[in-house]
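Structural overview
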Amino acid sequence: MPKAKETVLEIDLKALKHNFEYIKSKLKSDTKLLAVIKAFAYGSDASIIANYLQNLNVDYFAVAYVNEGVALRDAGIKTPILVLHPQAVNFKTLIERCLEPSLYNTKILNEFISIATKEQQHNYPVHIKFNTGLNRLGFREDDVDGIISKVKNASAIKVKSIFSHLAASEDLEEKKFTQSQIGSFNKISEKFTEAIDYKPILHLANTSGILNYPEAHLDMVRTGIGLYGFGNSESENTHLKPIATLKSVISQIHHIKKGETVGYNRAYKSERIEKTATIPIGHADGIGRQYGNQKGYVTIHGEKAPIIGNVCMDMIMVNITDINCSEGDEVIIFGKQPDASQFASTANTISYEIITAISQRVKRTFIDN
Ligand SMILES: *Cc1c(COP(=O)(O)O)cnc(C)c1O
């Protein structure tokens, strides 16, 4: 792996392939796989990741918002794209770019039917989202009859899939709750498919749902975090490979005396003669202030260098008193060791947050061997 000469997020496409194949190995051969690539493919690079997965014949993509889907179409993605949380103001664009909306309440269903009809669409694919306990987005079981009568009267749309989302699939203490969500989704989909003369795709499981609840795989699964290398448990993490390594370099080393302070507000005060390194990455790059003041650390030549003082917008300072290193040397923030989940835990957060936080200012590089 090339040594960093500036701050980069290095994406390992072979690791992505490994994770894709590991997740596929958990599925029956006819279960479809949807790759969730919202938020720049969890902070990596949506168009590169999507193109790579498209070549591996992934069945579906999902993004959160219409503009994310537009970016994928601009990048040449032909695979169907489900937009999980579209807003009606973007429906015309959504139709122009062949993106497929998740419709989750009566208001948005009506708005979509009206725009699709005006745009002279016929059987435009839509996805009906049900709420089975997350209480975030979705119709309820009682709404099924109302949806069916609207769908039957609207030739502009056709229900391509019906789906729901699990609230606690990674938490085995919540097994009962998850099983009740699976049960209610099964009930809803039975009722729905009985009332309509074709069979929509049924899907429910996210990454942890795939790993922990094989009975919830249904016709298709939706994986996000697993593709990027995290399985939400120690044991699953050993089967997956983090695709992203955040690296930087030492810009400058300071030797400071006892009692000198480091950074804004003089938040760190040295207790002895110490050595500090300044690294070109800050909160504008996604390393939030909560990692400062010796919560988080970076790794230099395999050794931990705690972040001292406050995280600045463009820089952090770290304590390298006991590390033999020089200006220009490589610094690892997260990657394989520590992984993003371990780094995130120093600030009481999770892999999902730190990897999606790495801002667009950080250059993305790719390795494929
Ligand atoms: C983000 C998201 C996913 C992916 O979840 P992971 O835990 O990353 O696998 C799946 N489904 C929906 C509806 C989502 O919003």
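Residues numbered from 1 in each chain as written. Predicted model: local features only at pLDDT ≥ 70, side-chain atom pairs only at ≥ 80, totals over all residues. Heavy atoms only, no water.

**Concerning the pairing of strand β7 (residues 157-164)**
The buried fraction of β7 amounts to six of the eight residues, a majority that puts the element mostly inside the structure. Here strand β6 (residues 124-130) pairs with β7 via seven bridges, running parallel. Each residue of the ladder has a partner; that of I128, found in β7, is I162. One crossover worth recording links β6 to the parallel β7 by way of helix α7 (residues 144-153), and it is right-handed. Alignment of β7 against strand β8 (residues 201-203), held across three bridges, turns out to be parallel. Bridging from a neighbouring strand, F163 pairs with H203 of β8. In this view, the connection linking β7 to its parallel neighbour β8 by way of helix α8 (residues 175-195) has right-handed handedness. (Buried < 20%, exposed > 50% of the residue type's maximum accessible area, 1.4 Å probe, protein only. Helix = DSSP H or I, 4+ residues; strand = E, 2+ residues; numbered from the N terminus. Pairing = 2+ DSSP bridges. Right-handed = clockwise from strand over helix to strand, strands pointing away.)

**Notes on empty space enclosed by the protein**
Throughout the structure, instances matching the rule amount to two cavities of 30 Å³ or more. In this model, the largest cavity occupies a volume close to 60 Å³. As for the largest cavity, its lining consists of A41, Y42, S44, Y228, F230, P242, I243, A244, F334, A340 and I355. Residue classes in the lining of the largest cavity are distributed as 10 nonpolar, one polar and no charged. Lining the lining of the largest cavity are residues from two domains, each supplying at least three of them: domain 1 (13-229) and domain 2 (244-367). Taken as a whole, the second largest cavity holds about 40 Å³ of empty space. Surrounding the second largest cavity, K129, F130, N131, T132, L134, N135, R136, L137, S164 and H165 form its lining. (1 Å grid on protein atoms, 1.4 Å probe; cavity = no way out; pocket = protein on both sides within 12 Å on 5 of 7 lines; lining within 4 Å. Points joined across faces, edges and corners; volume = space filled by probe spheres on them. Nonpolar A, V, L, I, M, F, W, Y, C, P; charged D, E, K, R; others polar. Domains from an automatic or database assignment.)

**Some details on the site of the ligand**
Taken together, 13 residues form the shell around the ligand, and within it K38, Y42, T207, I225 and Y352 come nearest. Between K38 and the ligand, the recorded distance is 2.7 Å, taken from a side-chain N or O atom to an oxygen atom. Here an oxygen atom of the ligand and a side-chain polar atom of Y352 are 2.7 Å apart. When isolated, the ligand has an accessible area of 390 Å², and the protein chains bury 94% of it. Counting atoms within 2 Å of the grid points, the majority share of the ligand lands in the largest pocket. Contributions of two or more residues to the shell around the ligand are made by α2 (38-43) and β9 (220-223). Looking at the shell around the ligand, its residues break down into five nonpolar, five polar and three charged. (Near = heavy atom within 4 Å. Polar contact = N/O pair within 3.5 Å; in protein donor to acceptor, adjacent residues only side chain to side chain. Areas by Shrake-Rupley, 256 points an atom, 1.4 Å probe, with all protein chains shown as cover. Sits in = over half its atoms within 2 Å of the grid points.)

**Points about the layout of surface pockets**
Volume-wise, the largest pocket comes out at about 810 Å³. Among the secondary structure elements, those contributing two or more residues to the lining of the largest pocket are α2, β9, α11 (340-345) and α12 (351-357). The class makeup of the residues in the lining of the largest pocket is 16 nonpolar, 15 polar and five charged. Counting contributing residues, the lining of the largest pocket receives three or more from each of domain 1 (13-229) and domain 2 (244-367).

**A word on the UniProt feature "modified residue: N6-(pyridoxal phosphate)lysine" (unreviewed entry) in the protein**
In the UniProt entry, the feature "modified residue: N6-(pyridoxal phosphate)lysine" (unreviewed entry) is given for K38. For K38, the location among the structural elements is in helix α2. The residues contacting K38, other than those within four sequence positions of it, are A62, V63, A64, E68 and L84. (UniProt positions renumbered as here; feature names shortened; annotations may be inferred. Contact = heavy atoms within 4.5 Å.)

**Let's talk about α7**
Residues V144, I147, I148 and V151 constitute the buried set of α7. Down the axis of α7, the buried set is contained in an arc of 100 degrees. They therefore lie on one face. Residues D145 and N153 are exposed on α7 and point more than 90 degrees away from its buried face. Elements that come into contact with the buried residues of α7 comprise α6 (106-118), β6, β7 and α8. (Arc of directions from axis to C-beta.)

**Side note on the environment of N105**
The topology assignment puts N105 in the loop between β5 (100-103) and α6. Among the residues examined, N105 registers a relative accessible area of 32% and is labelled partly exposed. Sequence separation of N105 and I250 is 145 residues, and the distance between their C-alpha atoms is 52 Å.

**What about the domain arrangement of the protein?**
Along its sequence, the protein is organised into domain 1 (13-229) and domain 2 (244-367). Computed over C-alpha atoms, the centres of domain 1 and domain 2 are 37 Å apart. On the domain 2 side, the residues contacting the 11 residues of domain 1 number eight residues. Both faces considered, domain 1 and domain 2 share a buried interface measuring about 900 Å² in area, 64% of it formed by carbon and sulfur atoms. (Buried area = accessible area lost by both parts, 1.4 Å probe.)

**What about unusual backbone geometry?**
Cis geometry marks the peptide bond from Q337 to P338, where omega comes out at -5 degrees. Backbone geometry places Q120, a non-glycine residue, at a positive phi of 55 degrees. In this fold, Q120 is placed in the loop between α6 and β6. Of note, N348 is a non-glycine position whose phi angle comes to about 55 degrees, a positive value. Assignment of secondary structure puts N348 in the loop between α11 and α12.

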